[in-house]
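So you can see what is in the structure, the chains are spelled out below.
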2 protein chains.
Amino acid sequence: MAEQARYEELIRQFSAFGAVKREVGRMMPSECPAGSAAVLILIERHGEMRMSKLSELLAVDMSVTSRHVAHVAERGWIERSPDPADRRSRILRLTPTGRALLDQLSRRTCRMLAERLSDWSDEEVAQLTALMARLRASFDDIRAHGPEPRPPAPGPAPPVLEQTTRTPATTT
Amino acid sequence: MAEQARYEELIRQFSAFGAVKREVGRMMPSECPAGSAAVLILIERHGEMRMSKLSELLAVDMSVTSRHVAHVAERGWIERSPDPADRRSRILRLTPTGRALLDQLSRRTCRMLAERLSDWSDEEVAQLTALMARLRASFDDIRAHGPEPRPPAPGPAPPVLEQTTRTPATTT
DNA sequence: TATTGTTATACTCTATAACTATA
DNA sequence: TATAGTTATAGAGTATAACAATA
């Protein structure tokens, strides 16, 4: 448990991180922006999956996932085959072309990081990676377990955040 | 200097960090989105400054800064007084209202982090903060010192990135 | 009736380019 | 002629809501 000042510093770094993200984004090929790359990376990482699963991994609304997936499918980097078990669903699979693109992207981003982080030790890189992974997990946990285990301040609790990855359908 | 696999993991975490950013963004008041908050935080942090300086700190184009600043100025959170030394410039200053808003935002975000990171030690929070600061610095350095100290691969060097924070003016 | 996925629309953040006003 | 800042326009990413097809 840290103090107020620590948290303020951390939030400031969150905000400043945008610059790093933009810098990385600038090296992406224009055909494959960051959002598309994220789709490919996750499918490579976790294997074939359905839209809903991918949405969960991306932690964005399924409508957003649908757009990204359409983009990469149009370019032949993934294929969408109907799920025989549930014909509403589609199974997403990386194509050989997609895998080749990923290899190329990986080499390119690693080369960039090797330049930028040339004075970082292997341990430091690993440490940052681990802490960022844990950060993400800490935020995920809350979403899964409920946002207010113990309201730290009196007053009305903030509205509970949706924990699905899709827009709630209006019952017609 | 780290290995390829380390860098791949790190890039993956960069991508996943978007989810954290969005979660934080969801708690911002709709009148003061993340971009506006960044402006206020930097002016509080570094004191009064000109647009160009703020652009540099935000690491975005000055046109973007101009938009954000207009937004917060319209709401009375900062004031823009003409610089007597250079009448093209404007000096940005936080107003009391702006400072009050910042206090409120700070309390709110710290409360959120305290919840999310309740099982993090003070040292861990400090470590993540320090590593993210160093990361940002490593990327900044490159922009300042030139992108290719020693081209690791033969072939044409990638186009040098602009190091100003504004769109290059076309000479009329 | 509920769920999976798609599409239409709107909003935020960003960059490029053209413009104004001062230097 | 060059610089500080503004504005217009365009593109990426996201969320909400309405919709189609299937369960």
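For the structure, check the block above.
These remarks concern the structure in this document. Just so it is clear, the structure is predicted and the values come from calculations on it, not from any experiment. (Residues numbered from 1 in each chain as written. Chains lettered and ligands numbered in written order. Predicted model: local features only at pLDDT ≥ 70, side-chain atom pairs only at ≥ 80, totals over all residues. Heavy atoms only, no water.)

**Considering the interface of chain B and chain A**
Between chain B and chain A, the residue contacts involve 66 residues of the former and 67 residues of the latter. Buried surface at the junction of chain B and chain A, both sides included, amounts to about 7000 Å², of which 66% is carbon and sulfur. Summed over the shared surface of chain B and chain A, the number is eight salt bridges. One salt bridge connects D122 of chain A with R6 of chain B, and the closest N-O pair in it is separated by 2.9 Å. One can count 20 residue pairs in polar contact (both at pLDDT 80 or more) joining chain B with chain A. Those elements that place two or more of their residues in the side of chain B that touches chain A are α1 (4-26), α2 (34-46), α5 (96-116) and α6 (122-145) of chain B. Examining the composition of the side of chain B that touches chain A, we find that 21 residues originate from one element, α1 of chain B, more than from any other. Looking at side-chain class alone, the side of chain B that touches chain A contains 34 nonpolar, eleven polar and 21 charged residues. (Contact = heavy atoms within 4.5 Å. Buried area = accessible area lost by both parts, 1.4 Å probe. Salt bridge = Lys/Arg side-chain N within 4 Å of Asp/Glu carboxyl O. Polar contact = N/O pair within 3.5 Å; in protein donor to acceptor, adjacent residues only side chain to side chain. Helix = DSSP H or I, 4+ residues; strand = E, 2+ residues; numbered from the N terminus. Nonpolar A, V, L, I, M, F, W, Y, C, P; charged D, E, K, R; others polar.)

**A look at the pattern of salt bridges**
With the rule as written, the count across this model stands at 32 salt bridges over all chains. Put simply, E44 of chain A and R99 of chain A hold a salt bridge, and the shortest N to O gap is 4.0 Å. Of this pair, E44 of chain A sits in helix α2 (residues 34-46) while R99 of chain A is found in helix α5 (residues 96-116), placing the two residues 55 residues apart along the sequence. The exposure class assigned to E44 of chain A is partly exposed, which follows from its relative accessible area of 34%. The residue E115 of chain B makes a salt bridge to R116 of chain B at a minimum N-O spacing of 3.3 Å. (Buried < 20%, exposed > 50% of the residue type's maximum accessible area, 1.4 Å probe, protein only.)

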